[in-house]
Amino acid sequence: MRYLPITENDKKEMLKSINMASMEAMFSVIPEEYRLKSLLDIPLPLSEMELMQHMEAIASQNSSDHNKKSFIGEITFRHFIPSIVGSLSSLPQFYTAYTPYQPEVSQGTLQTIYEFQSMMTNLTDMDLTNASMYDGATSAAEAMLMICTYKRKNKVLISDLIHPHVKEVLQTYANMNNIQLQTISSDEGSVSIAALENSVDKDTALFLVQSPNVFGVIEDFSIMAPILREKQIACGAIILESLSLGILRPPGHYGVDVTVGEAQSFGMSPNLGGPGLGFFSTRKEYIRKIPGRIVGKTTDDKNRTAYVMTLRAREQDIRREKATSNICTNHALCALMATIYLAGMGEVGLRKLAQWNVAVSHYAYDTLNDVPGLKIPFRKPFFNEFVVELGQPAENVAKKLESKGILLSGSNLSKSYPYLKNPMVLSFTELNHKEEIDELRDALKEALQ
Amino acid sequence: MTEAMIYEYSKKGKRAWSMPQKYENINENDINQWIPKEWQRDKIGLPEVSEPEVVRHFTKLASMNYGIDIGFYPLGSCTMKYNPKINEVVASMDGLKRLHPLQDVETFQGALQMMYELKQFLSEITGMDTIHLYPAAGAHGELAGMMIAKKYFEDIGQGKQRKVMLIPDSAHGTNPASAAMVGFEIVEVKSTPCGQVDVDHLKTLINEEVAGIMLTNPNTAGVFETDIKEMADLLHQNGSILYYDGANMNALLGQARPGDMGFDIIHLNLHKTFSTPHGGGGPGSAPIGVKKYLEPFLPYPDIEKTDNGYSWKEKHEKSIGRIRLAGPNFAVLVKTYAWILTMGAEGLKKASEDAVLNANYIREHLKEIYKDSVACICMHECVLSASSFEKYGVKAKDISKRIIDYGMHPPTNYFPLIIPESLMIEPTESESRQTLDSFIEVMKKIAEEAKTNPELLLNAPHHTPVGRPDEVKAAKDLDVAYIAE
Amino acid sequence: MSMIKDDLKYTKFDEWVKIEEDIAIVGITDYAQKHLGDIVFVEIKEQGETVQKGEVLTSIESVKSASDIYAPLSGEIVEMNQDLENDAGLVNQDPFGKGWIAKIKLSNPEEINELMDSEAYTTFRQD
């Protein structure tokens, strides 16, 4: 076995040197009744070549935007990934390292986390960002727990236009903490301000809102934030398409308490949904209540700049059941990818790319506008995706287009938003050329006839 | 040698990006038509750096890191084994990495089949009836497991009654943190001098309020819980459940299975036992496994095999609900699947044998010098102690820092909490006898240095890019982000 | 050897209490600050909160640990030491003086009798 360097002879000598009669004897601490008497029922080992062929066969049964045209987004986004991201993040000193508990041999990891925290803090216009979370939904759930603990209140208002996947995760976490979730209805594709004003009361800890929302519409924080501030209710923004931060004023600009979400757009492949990158940005007043790791800048014994994990006393390995969260391993390597990506795109590149996405999706908006049997229900500013209503069940339309080499979203939004007729979100990024969008128009025209 | 922060390279006009001319010169007026000007931001706050600078910056930073590809990494409880290169290659195949989670199931039958087979492999390896692949990391698996336990007791009408989770004092910090997150009260179970659960103490704690116990087996002292049957019987007779923290599963691969020992819920750490890289702190992946009677409570979505191929299973009304935004950490699952197929049943068994042999070899050769407070045969890791060096003013931390000078990564310090000045050493099966021998030599040499020249240890490490950071300053003068002007 | 002051009362959680009429000034002992190491943070609670004896009064953090400080006596928190917000290290430097933590207006002065005097605390710490 090529991964195992201990030879048969080593084994004999080593057993002898530790006065152990046999391998069996060494495992005799496990009660006999639990010792496996035969080998596990696992297929025969494959050589590297066989494994490669096997995996190629598996991969070839799948289609995605590498061999089809895709207009799917919502929770995971298709973007171009510059070569530097894969090349640098796959340096073995980065990806074969453990959590940076020994700072002297982990400055690479620690400094990149600090740089990640810095970039995300600037992007969101918040005060600080932690070292990363699992994904956008668990990050939103942790934000909810943090604010409820901080405010000692257990009522949370959530916008109905948070993506159903995120709403469901919030519900899972709320259930076990006796947090009461109340949905704020929408009005023409964005949060109903009247509903929000009618629902805020002194028991409310937090209002959570996603922007751009599930329909792709950009929410107006300049109206929502003051209403909440007046009632001393925290405001939490959820961003699933982080590239929108390349052009939109960040929620932090309007004074929200937390900005959380998914930063998979910054240099990570869709990976069938994981691993992506949860981020958690907040205000200074919450710093001792945040979940997860955070890296601080300091100096060493010779006054050289050094980075180290800090505020460790909040964490589970020290505070145990009183920790602010149980999170330990996060998505550090994904945070590294995002850091490399953002360093590469920079101030100008990220803005241009965001503008490009706006331009492409608005071309699509104009192009699809006159497809018979397709209706665009909301006429509000959007970033790179928008919802359409179809003359036929969305699932049927998706199937028809699939046979033409076009992939559309299979998320069942009609269940969550019954007031829309066969809704489907179409997503357009820099990867979608004009010609592809024309092709989509023609295919939809035919399918919806 | 330190490396400047990325923002220090920034200069207006530098760039590491490229895009088609027509989009680069996009008309701002068009954009303003689509998105109101007042909704657009002024600055973003990112650096402007050229591509060669980005490459040098991160390559320099990488060189300031230590990884398993560089050398011995005996970090106890973390299972730093070799991360095979082929796994990285297969996980980055276009037909896998570019799959979108909202595609129609018919378009990724290959991926679903792979996940379905992986569930079966993990079920066979652990002896659990069903495996669920979604939790993102060990703590997330624990959280899902605790939610399942809670929901189960609610379902049988004991939700209010079963409020206590028993946790040994040697447990990982995530155990009490996870149980507390779902509202369980934590009661600590004492350990014997051998690091095992004190069954007599356990007996005094069992009552109708106990929902269950969270155990790591072998435990965090590297010792197998030989009384596991008695414990399982005690708890099951009391109507309580047993939770298995799979952090130390590497000792048991192909030898014994938590499912057979009576555990009701388990999690695995694929980024430990199953060779996937830690990535400097994730992404991990922590599938959970349950016995049949707990299946309805598993998170959703989940995969099923039907006559028409693989598809998503319908949500069970008793499910704890969704726990992830989009999917499991699929790329990590691909690497795990590739590793299991490469190892085969014999390879898995030999892996645990070598891991246990390596740990015992180190323990046996160092236990005289580094007091071995746990006087039992260890499994895949051993816990030594530096307490006998305190008379020279040397602590476990100083020994660890000195190990760095010899080009190796230190063991885990100060865990488990029950052993003073602990050095927790987990060599894994990836190490050759030569490596183990040189580590033993180094440890002996350091023991001598501690007596003759303790300063050498107290000031270590000597050759790293930076010395020991000032942690007090870091916490007092908090600087956790650079804000661009 | 840790310092213990004669004119103070003590708890088994290594807190000291100084009684000034109906106000109790609370801090942690020299022993406690040495044990915790470099203190980096003391949570400053809002004034006006009431606490029962034995409840968590506030929390204190060093680099490697975090501990709760329990209310030695019941009452209303009338003042927290605001200086600690900027310099929690005062607790290390001057635990019995500038490093005081909270002032509690007593609601049940009889509880004072349950505290240890310096002699009892000295014995307690020697055990």
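Caption draft 1: Molecular detail of the overall build of chain A. For chain A, the count of helices and strands is 15 helices and 16 strands. Summarising its shape, the C-alpha atoms of chain A cover approximately 80 × 55 × 50 Å along the three principal directions. Looking at chain A residue by residue over its 449 residues, the buried ones come to 69%. Sequence separation of at least 24 residues holds for 72% of the intrachain contacts in chain A that already meet a minimum separation of 6. Accessible surface, chain A: about 14600 Å² in total, of which carbon and sulfur atoms supply 49%. One finds the centroid of the 44 positive side-chain charges in chain A at a distance of 5 Å from the centroid of its 51 negative side-chain charges.

Caption draft 2: Spatial organisation of the sheet that holds strand E7 (residues 66-70) of chain C. All names here are of chain C. One open sheet holds the three strands; their spatial order is E4-E6-E7, and the pairing between them is antiparallel. Single-partner strands in this sheet number two, and they are strand E4 (39-42) and E7. Mean inter-strand twist for the sheet, computed between neighbouring axes without regard to direction, equals 25 degrees. Two strands pair when backbone bridges link them, and E4 and strand E6 (residues 56-62) are joined in this way by three bridges, in the antiparallel orientation. For Val42, the partnering residue across the bridge sits in E6 and is Ile60.

Caption draft 3: A look at the interface of chain A and chain B. Contact with chain A, which involves 180 residues of that partner, is made by 199 residues of chain B. For the pairing of chain A and chain B, the buried interface totals around 17000 Å² over both sides, and the portion due to carbon and sulfur atoms is 64%. Counting across the interface, chain A meets chain B through eight salt bridges. Lys399 of chain A is paired through a salt bridge with Glu106 of chain B; the nearest N and O atoms lie 3.8 Å apart. Per-element tally for the side of chain A that touches chain B: the top contributor is helix H12 (residues 332-368) of chain A, with 24 residues. A class-by-class count of the residues in the side of chain A that touches chain B yields 92 nonpolar, 53 polar and 35 charged.

Caption draft 4: Inspection of the nonpolar core at higher detail. Counting 113 residues, the largest nonpolar core has Met55 of chain A together with Leu166, Tyr370 and Ile399 of chain B as the members making the most contacts within it. Setting aside chain neighbours within four positions, we find Leu166 of chain B in contact with Val187, Val189, Leu202, Leu205, Ile206, Val210, Gly212, Ile213, Met214 and Leu235 of chain B. The next biggest cluster of nonpolar side chains, apart from the first, holds 110 residues, and it includes Leu196, Leu228, Cys235 and Ile340 of chain A.

Caption draft 5: Examining unusual backbone geometry more closely. The peptide bond linking Ser211 of chain A to Pro212 of chain A adopts the cis configuration, its omega dihedral lying at -15 degrees. Turning to its location among the elements, Pro212 of chain A is positioned in the loop between strand E7 (204-210) and helix H10 (221-230). The omega angle of the peptide bond from Ala460 of chain B to Pro461 of chain B is -5 degrees, so this bond is cis rather than trans. Looking at the secondary structure, you find Pro461 of chain B in the loop between helix H14 (454-458) and helix H15 (471-476). Phi angles above zero are rare outside glycine, and Glu188 of chain A is one such case at about 55 degrees. In this structure, Glu188 of chain A sits in the loop between strand E5 (186-187) and strand E6 (190-191). Of note, the phi angle at Glu21 of chain C is positive, near 55 degrees, even though the residue is not glycine. Counting through the fold element by element, Glu21 of chain C comes out in the loop between strand E2 (15-20) and strand E3 (23-28). Among the residues examined, Glu21 of chain C registers a relative accessible area of 77% and is labelled exposed.

Caption draft 6: Molecular detail of the environment of Met146 of chain A. Residues and elements named next belong to chain A. Counting through the fold element by element, Met146 comes out in helix H7 (residues 136-151). For the pair Met146 and Thr324, spaced 178 residues apart in sequence, the C-alpha separation works out to 7.6 Å. For Met146, the contacting residues outside a window of four places in its chain are Val258, Phe280, Thr282, Tyr286, Lys289, Ile290 and Pro291.

Caption draft 7: Looking closely at the packing of aromatic side chains. On inspection of all chains with the given rule, the structure shows 32 aromatic pairs over all chains. Centroid distance Tyr365 of chain A to Phe382 of chain A: 5.1 Å. Interplanar angle 35 degrees. Geometry classified as tilted. Here Tyr365 of chain A, found in helix H12, pairs with Phe382 of chain A, found in the loop between strand E13 (374-375) and strand E14 (385-390); they are 17 residues apart in sequence, far enough to count as distant. Summarising the aromatic geometry, the rings of Tyr7 of chain B and Tyr482 of chain B are spaced 4.7 Å apart at their centres and angled 45 degrees between planes, so their arrangement reads as tilted.

Caption draft 8: Region of interest: the interface of chain B and chain C. On the side of chain C, seven residues touch chain B, which itself brings five residues to the contact. Of the roughly 440 Å² buried where chain B meets chain C, counting both sides, 62% is carbon and sulfur surface. Counting the surface chain B buries against chain C, the share from its top three residues, Glu471, Val472 and Lys476 of chain B, is 81%. For the interface between chain B and chain C, the tally reads zero salt bridges. Seen at the junction of chain B and chain C, the total is zero residue pairs in polar contact (both at pLDDT 80 or more). Top element by residues in the side of chain B that touches chain C is H15 of chain B. It accounts for four residues. For the side of chain B that touches chain C, the residue count by class is two nonpolar, no polar and three charged.

Caption draft 9: Up close: the sheet that holds strand E12 (residues 422-425) of chain B. Residue and element names in this part refer to chain B. Strand order in this open sheet of three strands is E10-E12-E11, and the pairing throughout is antiparallel. The sheet is open, and its two borders are formed by strand E10 (382-385) and strand E11 (412-413), each paired with just one other strand. Sheet topology places E11 next to E12; two bridges connect them, and they run antiparallel. Each bridged residue has a counterpart across the sheet, and for Asn413 the counterpart in E12 is Leu423.

Caption draft 10: The arrangement of the pairing of E3 of chain C in detail. Residue and element names in this part refer to chain C. Burial runs high along E3: five of the six residues are buried. Note that E2 and E3 share six bridges and pair antiparallel. Within E3, the position partnered with Glu15 by the bridge is Ile28. Between the end of E2 and the start of E3, which pair antiparallel, lie two residues, with Glu21 showing a positive phi angle near 55 degrees. Relative to strand E9 (residues 102-106), E3 is paired through four bridges, and the arrangement is antiparallel. Its bridge partner being in E9, Ile23 is matched across the sheet by Lys105.

Caption draft 11: Local environment of the pattern of salt bridges. All chains considered together, the criterion is met by 58 salt bridges over all chains. One salt bridge in this structure joins Lys37 of chain A and Glu32 of chain A, with 3.9 Å as the shortest N-O distance. Across the pair, Glu32 of chain A and Lys37 of chain A agree in class, each one exposed. Across the pair Arg319 of chain A and Asp68 of chain C runs a salt bridge whose closest N-O atoms are separated by 3.1 Å. Within this pair, whereas Arg319 of chain A is found in helix H11 (residues 316-319), its partner Asp68 of chain C is found in strand E7, the two belonging to separate chains. Because the salt bridges share partners, they merge into one network encompassing Glu13 of chain A together with Arg433 and Asp437 of chain B.

The rules we used
Residues numbered from 1 in each chain as written. Chains lettered and ligands numbered in written order. Predicted model: local features only at pLDDT ≥ 70, side-chain atom pairs only at ≥ 80, totals over all residues. Heavy atoms only, no water. Helix = DSSP H or I, 4+ residues; strand = E, 2+ residues; numbered from the N terminus. Buried < 20%, exposed > 50% of the residue type's maximum accessible area, 1.4 Å probe, protein only. Contact = heavy atoms within 4.5 Å. Areas by Shrake-Rupley, 256 points an atom, 1.4 Å probe, with all protein chains shown as cover. Lys, Arg positive; Asp, Glu negative; His and termini not counted. Charge placed at Lys NZ, Arg CZ, Asp CG, Glu CD. Pairing = 2+ DSSP bridges. Axes fitted to C-alpha atoms, helices over the stretch in contact; angles between N-to-C directions. Buried area = accessible area lost by both parts, 1.4 Å probe. Salt bridge = Lys/Arg side-chain N within 4 Å of Asp/Glu carboxyl O. Nonpolar A, V, L, I, M, F, W, Y, C, P; charged D, E, K, R; others polar. Core = buried A, V, L, I, M, F, W, Y, C linked by side-chain atoms within 4.5 Å. Phe/Tyr/Trp six-rings, centres within 6.5 Å; stacked < 30°, edge-to-face > 60°. Polar contact = N/O pair within 3.5 Å; in protein donor to acceptor, adjacent residues only side chain to side chain.

On their own, these measurements won't tell you what the molecule is for.
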